[in-house]
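# Architecture and fold: a report
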Amino acid sequence: AINGVFARKGFIVLDKMFVNNVYSEIEQAGRIDVDMDDLSALALKYKADLLLVYDVHAARKPAGSSKYFGGVIVEIALRAVAPATADLIAQKSGDLYVKTMKAAGNYYENMQAAKASDTLGKAIADALIEDTLSYFERAVHAGTRFDIWFRNFSEQETYIIVDVIEQMNGFKDKHVRNESPGNFQLDVNYQGRKF
């Protein structure tokens, strides 16, 4: 549902098989807990412009003292992250309660939870897209931060490249994030440049 909303708005969405390969890559590395930096690095590796991270939770919830009806509550939290910097772009969450029949058993509850997740996922994705587009609009007017890596350059070459960056139109400021032999990471802020 979430992917569908983004695809209809013109975003290029990576297909399920591709995403499964990404998760396989995480599993092969023997990782149990994967943090936002790990996911951002993978999204950046595959040249994604936006990383969507979502949590879905569904649980039974009693419907008062009724002996015929129960209920399922579905909660979804959705975040849009910039892969290059792991910055949080936008975040939305919500929940939906669905009344179910106790006598119907788990299948009915699962089906109702799936329908509720679909409806809620679409609504949250719509709201998140509005905030995400606003973020990109602000980036055009207020400026944008780029995360730039230099690998295997000599120290002198790095200084020359940084000097060129500072002379570019729209350059505001820079911040050296990480520096080690053969590896140099730089945050560069530009005014009025598209993300």
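Scroll up for the structure.
Here we summarise the structure given alongside this text. (Residues numbered from 1 in each chain as written. Predicted model: local features only at pLDDT ≥ 70, side-chain atom pairs only at ≥ 80, totals over all residues. Heavy atoms only, no water.)

What follows concerns the side chain of Gln185. Position of Gln185 among the secondary structure elements: in strand β6 (residues 183–190). You can call Gln185 buried: its relative accessible area is 7%. Ignoring sequence-local partners within four residues, the contact set of Gln185 consists of Asp147, Ile148, Trp149, His175, Val176, Arg177 and Asn178. (Helix = DSSP H or I, 4+ residues; strand = E, 2+ residues; numbered from the N terminus. Buried < 20%, exposed > 50% of the residue type's maximum accessible area, 1.4 Å probe, protein only. Contact = heavy atoms within 4.5 Å.)

Let's shift gears to the environment of Asp147. Structurally, Asp147 is set in strand β4 (residues 144–151). Classification of Asp147 as buried rests on a relative accessible area of 17%. C-alpha of Asp147 to C-alpha of Arg177: the two residues are 30 residues apart in sequence and 9.0 Å apart in space. Non-local contacts of Asp147, meaning those with residues more than four positions away in its chain, are made with Ala84, Thr85, Arg177, Gln185, Leu186 and Asp187.

Taken together, three strands build an open sheet; the order of strands is β4-β6-β5 and the sheet is antiparallel. Since the sheet does not close on itself, it has two edges, and those belong to β4 and β5 (171–180), each with one partner. The average angle at which neighbouring strand axes cross in this sheet is 20 degrees, direction not considered. Contacts from helix α5 (residues 155–167) reach β4, β5 and β6, with the element oriented near 5 degrees to β6. (Pairing = 2+ DSSP bridges. Axes fitted to C-alpha atoms, helices over the stretch in contact; angles between N-to-C directions.)

Taken together, the side chains of Leu14, Val19 and Tyr23 define a hydrophobic patch exposed on the protein surface, amounting to about 250 Å² of accessible area. Looking at the element boundaries, Val19 is found in helix α2 (residues 16–28). (Patch = residues over 30% accessible without salt bridge, like charges linked within 9 Å, V, L, I, M, F, W, Y side chains within 5 Å. Areas by Shrake-Rupley, 256 points an atom, 1.4 Å probe, with all protein chains shown as cover. Salt bridge = Lys/Arg side-chain N within 4 Å of Asp/Glu carboxyl O.)

A word on the sheet that holds strand β3 (residues 87–101). Reading across the sheet, the three strands line up as β1-β2-β3 and stay open at both edges, with antiparallel pairing between neighbours. The sheet terminates laterally at β1 (51–60) and β3, the two strands that pair on one side only. Averaged over all pairs of adjacent strands, the angle between their axes in this sheet comes to 10 degrees, without regard to strand direction. Both strand β2 (residues 69–82) and β3 contribute to a ladder of 14 bridges, which runs antiparallel. By the bridge assignment for β3, Glu75 is matched with Asp95.

Moving on: the pairing of β2. In terms of burial, β2 is a largely internal element, ten of the 14 residues being buried. Pairing of β1 with β2, which is carried by ten bridges, proceeds in the antiparallel orientation. Looking at the pairing, Val56 lines up with Ile76 of β2.

Glancing now at the packing of aromatic side chains. In the structure shown here, the tally under the stated rule is three aromatic pairs. Their ring planes at 90 degrees and their centres at 5.9 Å tell us that Phe150 and Phe153 sit as a pair that is edge-to-face. When its relative accessible area of 7% is taken as the criterion, Phe150 is described as buried. With relative accessibility at 36%, the residue Phe153 sits in the partly exposed group. Here the aromatic residues Phe150, Phe153 and Phe184 are joined through ring pairs into a cluster of three or more. (Phe/Tyr/Trp six-rings, centres within 6.5 Å; stacked < 30°, edge-to-face > 60°.)

So, on to the nonpolar core. Core analysis: the largest hydrophobic core is formed by 21 residues, its most contacted members being Phe6, Leu50, Val74, Leu78, Ile89, Ala125 and Leu128. Secondary structure elements with two or more residues in this core: α1 (2–8), β2, β3 and α4 (106–142). With eight residues, the top contributor of residues to this core is α4. Of all hydrophobic cores here, the second largest spans seven residues; its members include Phe150, Ile165, Phe184 and Leu186. (Core = buried A, V, L, I, M, F, W, Y, C linked by side-chain atoms within 4.5 Å.)

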